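# Residue-level structure breakdown
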There are 6 protein chains.
Amino acid sequence: MILRYDRWGAELPPPSTPDPTGAAHVQELMGGKFGEMSTLMTYTFQSFNFRNRQGARPFYDLIANIAAEEYGHIELVAAAINTMLTDPSKAADQAPTEIDAAEFANPQHYIGGGRGALPQNSNGIPWTGDYVTATGDLVEDLTHNFFLETGARNNKLKVYESVDHPAARALTGYLLCRGGVHQIAYARALENLTGVDMMKAFPSPRIPTDKIPECQPHIERGEHLKLYRFSLSDYLELAAVFNGPHPETGEELEVVSEAPEGVAPMDLPAQPDVFAPDYAPEEIAEIATRLRKAAGMSDTPSGVIANNGHGEGIVDKVKDAVS
Amino acid sequence: MILRYDRWGAELPPPSTPDPTGAAHVQELMGGKFGEMSTLMTYTFQSFNFRNRQGARPFYDLIANIAAEEYGHIELVAAAINTMLTDPSKAADQAPTEIDAAEFANPQHYIGGGRGALPQNSNGIPWTGDYVTATGDLVEDLTHNFFLETGARNNKLKVYESVDHPAARALTGYLLCRGGVHQIAYARALENLTGVDMMKAFPSPRIPTDKIPECQPHIERGEHLKLYRFSLSDYLELAAVFNGPHPETGEELEVVSEAPEGVAPMDLPAQPDVFAPDYAPEEIAEIATRLRKAAGMSDTPSGVIANNGHGEGIVDKVKDAVS
Amino acid sequence: MILRYDRWGAELPPPSTPDPTGAAHVQELMGGKFGEMSTLMTYTFQSFNFRNRQGARPFYDLIANIAAEEYGHIELVAAAINTMLTDPSKAADQAPTEIDAAEFANPQHYIGGGRGALPQNSNGIPWTGDYVTATGDLVEDLTHNFFLETGARNNKLKVYESVDHPAARALTGYLLCRGGVHQIAYARALENLTGVDMMKAFPSPRIPTDKIPECQPHIERGEHLKLYRFSLSDYLELAAVFNGPHPETGEELEVVSEAPEGVAPMDLPAQPDVFAPDYAPEEIAEIATRLRKAAGMSDTPSGVIANNGHGEGIVDKVKDAVS
Amino acid sequence: MILRYDRWGAELPPPSTPDPTGAAHVQELMGGKFGEMSTLMTYTFQSFNFRNRQGARPFYDLIANIAAEEYGHIELVAAAINTMLTDPSKAADQAPTEIDAAEFANPQHYIGGGRGALPQNSNGIPWTGDYVTATGDLVEDLTHNFFLETGARNNKLKVYESVDHPAARALTGYLLCRGGVHQIAYARALENLTGVDMMKAFPSPRIPTDKIPECQPHIERGEHLKLYRFSLSDYLELAAVFNGPHPETGEELEVVSEAPEGVAPMDLPAQPDVFAPDYAPEEIAEIATRLRKAAGMSDTPSGVIANNGHGEGIVDKVKDAVS
Amino acid sequence: MILRYDRWGAELPPPSTPDPTGAAHVQELMGGKFGEMSTLMTYTFQSFNFRNRQGARPFYDLIANIAAEEYGHIELVAAAINTMLTDPSKAADQAPTEIDAAEFANPQHYIGGGRGALPQNSNGIPWTGDYVTATGDLVEDLTHNFFLETGARNNKLKVYESVDHPAARALTGYLLCRGGVHQIAYARALENLTGVDMMKAFPSPRIPTDKIPECQPHIERGEHLKLYRFSLSDYLELAAVFNGPHPETGEELEVVSEAPEGVAPMDLPAQPDVFAPDYAPEEIAEIATRLRKAAGMSDTPSGVIANNGHGEGIVDKVKDAVS
Amino acid sequence: MILRYDRWGAELPPPSTPDPTGAAHVQELMGGKFGEMSTLMTYTFQSFNFRNRQGARPFYDLIANIAAEEYGHIELVAAAINTMLTDPSKAADQAPTEIDAAEFANPQHYIGGGRGALPQNSNGIPWTGDYVTATGDLVEDLTHNFFLETGARNNKLKVYESVDHPAARALTGYLLCRGGVHQIAYARALENLTGVDMMKAFPSPRIPTDKIPECQPHIERGEHLKLYRFSLSDYLELAAVFNGPHPETGEELEVVSEAPEGVAPMDLPAQPDVFAPDYAPEEIAEIATRLRKAAGMSDTPSGVIANNGHGEGIVDKVKDAVS
């Protein structure tokens, strides 16, 4: 089971000029063969199906725990796509206007969804369970996971290079750093099981993250070295596998026994032109306030967000930025 | 982001006589259109894409929080399928034997997987992102969610009736009870937004859970009334929507501010005939012990499980039961 | 079984400037999850599989009859797409010219098809039988149908807003009006079976059709109130369910015992650049004339169409309009 | 647009011993590449997209009219599958009993559906729009249609040979006869356009229908020679193409200007074990009666069916037959 | 089994201005329903599954041999797509630069692939085994093959007309010529088995290749008349079926007992911006040289290519052409 | 381009008792994610898309050449499936009899196909181009290929253990041996490029082939050590990568400069019950003989096969064996 906490793994910039074409490409990192849904679901099923996990505990802990972090990755990919699809000029306090079909590389971003992320790849094809590999054979699964992280890293680099929207860059800078940790973790596990010196395979693709500006803030905080434990009570044996020097920098790998604190998420503004969350979002807000009162709660919403609610702050900032 | 804790939402019986045909049918509850992957991913994407969540907070909290519980549901469906596919006579301390292809209604249960659950439906077709509906329009999404839970309940009842393996029965008894809570939650949300008196729609399908023996232990503990908060810090406004009398029993609905404690998971035995986790699982166990020691950890594995590790306990119990 | 009559449910404007990008978006209304193929096939299969239909006759009649109207809807969506893909400058009496690949958002509109509609969604993904929900459980099926019409209405609104080609606007104006009737019909059926006051849910999405100019001609003729009986002999019990006041206007709902007369379809001009119906369509016309004669039929074709055959009229009109 | 009439193209036997395995195979005739959904939708889209139809009228009429007949074919395939899935021992007046998962070759026949036909093939894979070929090029489309009918005939023969349930045999006997007419019709159209003497290609596969007992009643009524006009007002030029001698028997082909009368459909009994149409179908019947009265209609249902409603007749017959 | 030889069936121009939109359209000829993967795999499976091939030898030889040629066709389609995706300005001796996401109609051309061809259609949907038709019935299979080649020819013509990149034109000019030979071959086989005079069906679509400039070099060499035997030892009976006059020109059809010599392939330059074959391809070249030496091979690579290795020649040529 | 030669890579036993359930499982080795179509098409596309192949020649040669061998593997998988589906009692010289639907785990084995292999996996789902990974990045592609061969080996072992039909055992014995060579080849390539000592990873899964009886004949001939060059003229640099000691046995790896001779294929008997190649195959044989004569060829067919044509030999052998 899981406990959810409403924070993002990394900060993203607020919505600015929408970039639906870029958003369509970022979808590959969500629902592509090497996207975050594939890493999330592959490791999740591997952990569900893990047999004799007590006997092979450190490996079970490693896979189950990385699966937990991947949930935060699909969340951040979605947040980046949502940011890129947000049109501040169409936010809540504006009269709805027409949409231009020609702008959308993936029409379902607005027809089926409310300028929202989809479980699809960059060609608009839905993610499929076929992308999950969970064979039950530990060495094979770890071999696969190392390969999967390699492919994921390749895709992140490509999207980094091709999409220059600040949200896409912030996203890929972060994912490259964290994905690198997972790539190392699975390689270390393979080393321990087979004796193969996988550390020589790094970096793959052969671009070290220190060449990528958007990775630097994360590297400076040591995020390329740390494997967080995403549990209060379990997965205690991570350090039995994740240890030794970082294959590129030589710094010592580190298990952090708490999950990262994260940052407050951006509350993206309503987009009435796509009925998200409604054609007239203020009516829903009124109902919400009334219900909160009836339940004896505070007049103001309880959530922790990075901006001043209702998205108006975003709109103002953007207006300033544009002018 | 999430924290994972290694507990099951409900207890399942240990493996006994394998039932691969039943397991193939239970897959519908995993990867079918109305399966738990659909509820998990639909609510997850709805929460990711929720705009102006601060303004509509109680509704956002409701969807985001139910999404969290659904993670535990795919976990339990996987556990039931794994249990049904486990052949105690082929467990770790036995010489590997042949497999009988004809026994497997879904051949990939053993060819691609190690007698393990798959992200597929009962026809062996992979789950697809197409099953996610996240339109951004709050009323439409809630209408969908109410319908989705209705369909899911129908499917659970059908599997309950058709598969008599004890793991399938324990699973569906639990899911019917918890799915009923979600169905009510979405109906209450719709009532609050539209004024439609959705409570009259219950039960749908028209079989109340009190007619189903395997639901009774859960009903006795009030599980049909409680919406747990699966977060330490967030989703504080659930009670603004989830309140009032239960539509079938008239008892008061209740928000519980902590997640359920859960039960220790069963550590299913190795199945060397399908190389899960290996052809010779004891070698992996030796490596694990060595790594644990090298990392300064205890000699014995740290995990909390319901049985005595390595699956032998299971095998013994089953041997007793069979003889 | 069915009888087909060669009329359209509503008038569409003749082809003018082609809009292949808009046509790609309109495809969502054909082959998307909430498109007309989904409504057609869902209600069709529900009617085929309806058990004890005599005992539940008015409900059977309702679903079976709405299924019949949906056939006309896929026909009109196809007609709109075909109109938008027609390039009058490439019509029959012109020398074929090159095609510009870059113009086509969905390349199969011309490679596989002859500037023709496809059973696909807006991402070019084929419609699938997976979109059909026919559970056999009447209340569940009706709940689904109400939801499906809600989603379909959302999609129609989005396409209305985003595609400004006159054929797309005429199409969506009509479909919004007729889809609204189906939405009400299923809501009324649910009211009758469960007692839930579904009428309070309207409109959903919350834009009433009276705000949409292209709906007005249909509303003026009362098309938002009428359920036509698409049968000469059967489905006599519609009025047992479809009655009472319209949820938005309060006007009385009405069952019309005949199908609508419809309008003569436009005979779209040949497009020799895509070999539709041939590279040299006049040869086919000659053969047709000869066959007609040999069979003792009139020299001129017998069909009823809205324009003067062979598309020349269209070309002339467009030339005038363009110049 | 269409008018629907509630008759079957041919009589089917009442439900007897269920044959879910056979039903799974008959699904190939519904949703397979060469199934009736493929013929229905291919000809439908070809007729929708037909350009310069006035100039090529007899060919347009031919395709559009055969499309109309195919609707009746998917209806009859569904009826046969539903009959084969019906368990008279579980009909309305009985206490619901358990279902045996192992009996169902396609688990979705009961989990997702209420012992009902699905838009899937014999492997449980949904039909897809990819099976539609509508190129706009008349000669190519007709070439395809001739091939499609050849493949369909092959599949019908295979199902005829392999499934001995009386409903499957009655179905395939009828479809072979009618499909043969369509095969000839498209061949004649090709002859007229290209001069190729397609009649020499018959029969293909090389089994004439006169060797198949279940075809004989239809052959005796001349059903192998007649092309019905499924329209009151349109498709008047069929005889310009469909004429001349039958390629196998030499008898004269014939256009019948009215659609066939058909036979009253069987009202299949409720199956409460799968909630079709409900767990307690009599409640729905009561509501139906009340609604009918409130609308000023007769006390008894108005529909024309082949048996005495509610399925009891079927149950009695079957009981007699079984005992 | 096969022997591969590293030659192309026809010459293609070197890379020039990239045309990713055109490349996306050419994908239809690779992975579309009527693409070369469909012809390759259909004939391959028909030959694998051919029963009593000794009894029906000339037909077996025909299908098996054409299957062999189709391998060369997917190769040439890939080569054309790769050429169109190559950006000489980003070749090996240049510093990597950014990619512009907006340029790519199919984002996977660079995200998942290294500016490389994909087994997908023009909408980015993967080719599927469902496109293979291999019924075992010889007449039906041949009927299908004739139709398939007709559809393939239609698609090639459309791509010819719509994509003006020189590689696409050279490709389609060649494929139209060779596909025409296959269309005739299957038609001849059908004539022999059924007596139908299929030659009257040509050309279909009704554009003879002599109207297409890019076909002329191939026609001049008689490529429209020759069926090559792609085997050293087998498929000796081709001439028993492939003989007589060409249906369009009246020239005699001819079986050539050797496979065509082909032309040396272009060695396309590295594209470090997409890590193909690496971010720093010269490192790989160094390793290659070292390995070659260690194995006692020549210092220089052994392969036969059309240009001076490493792609520099291409870059120079393009620089000249551009300036 | 390729030259085909009509030999099998290994001998298979003649058809005996059909095993359609086993055949359905063997399909995983054809069309599964880790099946031979995936290896064939992955390496084929990698070779097509290989950039700067001259600079990286030994690696290009390796991939391109292994691709060629994989063609022979899909051929042999097809042959095994066809053998397992052949019912000698229904062969050419017998009156056709009924088919039993219940026998077929994959109904399309006989409905769509003539007791023939399909491009599908063990659940009857068609192979998809999505299974091809060709990133253009050489290290990533080789990493993938090593993983793919590992997964393929796992699947072959599972099928070996579960299907005891002699054709399945002969097939998997051979494929395990040859797949092992490919696994080593890709590992060696990775070693050369990265310095990782991949040889330590063997065997994976951890069952050496010397424990499998059906591998022994191949091992005795040294087939586990040899990489054949499947070309007359190209791929000359294999030995630069494929060399050194075998990771399990220590014997020296070896490049063989000619392709294996192979064995004559079995000519499987006609199966008139599924119209393969016809309902009356002798008619086709008569036509074949006539055509051969007309072309001035020998009276008897020219092909090399392992049995005495027309399958009678098989039937006789089987009759003997059965009696």
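Quantities reported herein were computed from a predicted structural model and do not represent experimental measurements. (Residues numbered from 1 in each chain as written. Chains lettered and ligands numbered in written order. Predicted model: local features only at pLDDT ≥ 70, side-chain atom pairs only at ≥ 80, totals over all residues. Heavy atoms only, no water.)

## A word on the overall build of chain A
The number of helices and strands found in chain A is eight helices and three strands. Along its sequence from the N terminus, chain A presents helices and strands in the succession β-α-α-α-α-α-α-β-β-α-α. Its C-alpha atoms give chain A a radius of gyration of 21 Å, near enough to 20 Å, the size a compact globule of 323 residues would have. Here chain A holds 323 residues, and the buried ones make up 74% of them. Of the roughly 8,500 Å² that chain A leaves accessible, carbon and sulfur atoms contribute 52%. (Helix = DSSP H or I, 4+ residues; strand = E, 2+ residues; numbered from the N terminus. Rg over C-alpha atoms; globule rule 2.2 N^0.38 Å. Buried < 20%, exposed > 50% of the residue type's maximum accessible area, 1.4 Å probe, protein only. Areas by Shrake-Rupley, 256 points an atom, 1.4 Å probe, with all protein chains shown as cover.)

## Comments concerning the pattern of salt bridges
Residue and element names in this part refer to chain F. For the coordinates displayed, the defined rule picks out 91 salt bridges over all chains. Its salt-bridge partner being D61, residue R57 comes within 3.1 Å of it at the nearest N-O pair. Separated by four residues within a single helix, R57 and D61 lie in helix 3 (residues 57-85), roughly one turn from each other. We note that R57, like D61, is buried. The residue R221 makes a salt bridge to E223 at a minimum N-O spacing of 3.7 Å. For R221, a relative accessible area of 44% puts it in the partly exposed group. On the accessibility criterion, E223 (8% relative accessible area) is buried. (Salt bridge = Lys/Arg side-chain N within 4 Å of Asp/Glu carboxyl O.)

## Details of the relation of the copies chain B and chain F
Placing chain B over chain F gives an RMSD of 0.0 Å and needs a rotation angle of 120°, together with 0.0 Å of translation along the axis. Given the turn and translation reported, the copies of this chain are related as if by a three-fold rotation axis. (Least-squares fit on C-alpha atoms with pLDDT ≥ 70 in both.)

## Details of the interface of chain B and chain F
The interface is formed by 26 residues belonging to chain B together with 20 residues belonging to chain F. Interface area, chain B with chain F, both sides summed: about 1,800 Å², of which 55% is carbon and sulfur. At the junction of chain B and chain F, the tally comes to three salt bridges. Here F:R206 makes a salt bridge to B:E283, at a shortest N to O gap of 3.5 Å. The tally of links from chain B across to chain F stands at 12 residue pairs in polar contact (both at pLDDT 80 or more). For the side of chain B that touches chain F, the residue count by class is 13 nonpolar, eight polar and five charged. (Contact = heavy atoms within 4.5 Å. Buried area = accessible area lost by both parts, 1.4 Å probe. Polar contact = N/O pair within 3.5 Å; in protein donor to acceptor, adjacent residues only side chain to side chain. Nonpolar A, V, L, I, M, F, W, Y, C, P; charged D, E, K, R; others polar.)

## What about the nonpolar core?
The biggest cluster of nonpolar side chains holds 312 residues, and the ones touching the most others in it are A:M41, B:M41, C:M41, D:M41, E:M41 and F:M41. If sequence neighbours within four positions are ignored, C:M41 has contacts with C:W127, C:V132, D:M37, D:L40, D:M41 and D:I74. By size, the runner-up hydrophobic cluster in this structure holds 85 residues, among which are B:Y43, B:Y60, B:L62 and B:I184. (Core = buried A, V, L, I, M, F, W, Y, C linked by side-chain atoms within 4.5 Å.)

## Thoughts on the interface of chain A and chain B
Of the residues lining the interface, 103 residues belong to chain A; the matching set on chain B comes to 104 residues. Counting the surface lost from both chain A and chain B, the interface buries some 8,900 Å², and carbon and sulfur atoms represent 59% of this. On the chain A side of the interface with chain B, the three residues burying the most area are A:M1, A:R4 and A:R51, jointly 13% of the side's total. Counting across the chain A and chain B interface gives seven salt bridges. Between B:D6 and A:R53 there is a salt bridge whose closest N-O contact spans 4.0 Å. Put simply, chain A and chain B have 61 residue pairs in polar contact (both at pLDDT 80 or more) between them. Among the secondary structure elements, those contributing two or more residues to the side of chain A that touches chain B are strand 1 (2-4), helix 2 (36-49), helix 3 (57-85), helix 5 (166-194) and helix 7 (281-294) of chain A. The residue inventory of the side of chain A that touches chain B, partitioned by class, reads 59 nonpolar, 28 polar and 16 charged. Taken together, the three bridges between strand 1 of chain A and strand 1 (residues 2-4) of chain B define a ladder with antiparallel strand orientation. (Pairing = 2+ DSSP bridges.)

## A closer look at unusual backbone geometry
Note: most peptide bonds trans; most residues except glycine with negative phi. Cis geometry marks the peptide bond from D:A276 to D:P277; its omega dihedral reads 0°. Note on placement: D:P277 falls in the loop between strand 3 (254-256) and helix 7 (281-294). Residue F:S204 is joined to F:P205 through a cis peptide bond whose omega torsion reads -15°. Of note, the phi angle at A:Y235 is positive, near 65°, even though the residue is not glycine. Looking at the element boundaries, A:Y235 is found in the loop between strand 2 (226-228) and strand 3 (254-256).

## Points about the relation of the copies chain A and chain B
Between chain A and chain B, the superposition needs a rotation of 180° and an axial shift of 0.0 Å, giving an RMSD of 0.0 Å. Such values leave the two copies arranged in the relation of a two-fold axis. Among all residues of chain A, the one whose C-alpha sits closest to the rotation axis is A:T128, at a distance of 2.2 Å. Interface overlap between copies: 100% of the residues of chain A at the interface are likewise at the interface in chain B, consistent with a symmetric, same-surface contact.

## So, the environment of D:N49
When you line up the elements, D:N49 lands in the loop between helix 2 (36-48) and helix 3 (57-85). The class of D:N49 is buried, set by a relative accessible area of 8%. Sequence separation between D:N49 and D:A134 is 85 residues; the distance between their C-alpha atoms is 7.7 Å. Discounting chain neighbours no more than four positions away, the residues touching D:N49 are C:A78, C:N82, C:G116, C:A117 and D:A134. For D:N49, the side chain forms a polar contact with the main-chain oxygen of C:A117, separated by 2.9 Å.

## Examining the packing of aromatic side chains
Scanning the entire structure with this criterion turns up 72 aromatic pairs over all chains. Ring centres 6.4 Å apart and planes at 75° place the aromatic pair D:W127 and D:Y131 in the edge-to-face group. By relative accessible area, D:Y131 is classed as buried at 10%. Through a chain of ring-to-ring contacts, the aromatic side chains of A:F34, A:F147, F:F34 and F:F147 assemble into a single cluster. Against the face of A:Y160 rests A:R169, its NZ or CZ located 4.5 Å from the ring centre. (Phe/Tyr/Trp six-rings, centres within 6.5 Å; stacked < 30°, edge-to-face > 60°. Lys NZ or Arg CZ within 6 Å of the ring centre and 35° of its normal.)

## Considerations on the packing of helix 2 of chain A against helix 2 (residues 36-49) of chain B
Close contact between helix 2 of chain A and helix 2 of chain B brings their axes to 15 Å; oriented N to C, the two are set at 140°. Taken as axis vectors, helix 2 of chain A and helix 2 of chain B run oblique relative to one another. As for how helix 2 of chain A packs across helix 2 of chain B, the hand of that crossing is right-handed. Residue-level contacts link A:M37, A:L40, A:M41 and A:F45 of helix 2 of chain A to B:M37, B:L40, B:M41 and B:F45 of helix 2 of chain B. Each residue belonging to the contact of helix 2 of chain A with helix 2 of chain B can be placed in one class, and the counts come to eight nonpolar, no polar and no charged. (Axes fitted to C-alpha atoms, helices over the stretch in contact; angles between N-to-C directions. Parallel < 35°, antiparallel > 145°, perpendicular 65-115°, else oblique. Left-handed = near helix turned anticlockwise from the far one by under 90°.)

## Topic: the packing of helix 2 (residues 36-48) of chain E against helix 4 (residues 138-162) of chain E
All names here are of chain E. Interaxial distance between helix 2 and helix 4 falls to 10 Å at its minimum, and their mutual angle equals 165°. Between helix 2 and helix 4, the angle falls in the class roughly antiparallel. The crossing of helix 2 and helix 4 is left-handed. Residue-level contacts link E36, S38, T39, T42, Y43 and Q46 of helix 2 to D141, H144, N145, L148, E149 and K156 of helix 4. Here the contact of helix 2 with helix 4 is built from residues that sort into two nonpolar, six polar and four charged.

## Section: the arrangement of the chains
Nothing in chain A touches chain D, and the closest approach of their C-alpha atoms is 15 Å. Nowhere do chain B and chain E come into contact; their C-alpha atoms are at least 15 Å apart.

## Regarding helix 2 of chain E
Its 13 residues give helix 2 of chain E an end-to-end C-alpha distance of 18 Å, which sits within 8% of 18 Å, the value for a rise of 1.5 Å per residue. Along helix 2 of chain E, 13 of the 13 residues are buried, which leaves the element largely enclosed by surrounding structure. (Expected span 1.5 Å × (residues − 1).)

## Some remarks on the state of the cysteines
All names here are of chain D. One pass over the full model with this rule turns up zero disulfides over all chains. A disulfide-free cysteine, C177 has its sulfur positioned 6.0 Å from the sulfur of C215, the nearest such atom. For C177, a relative accessible area of 2% puts it in the buried group. (Disulfide = S-S within 2.5 Å.)

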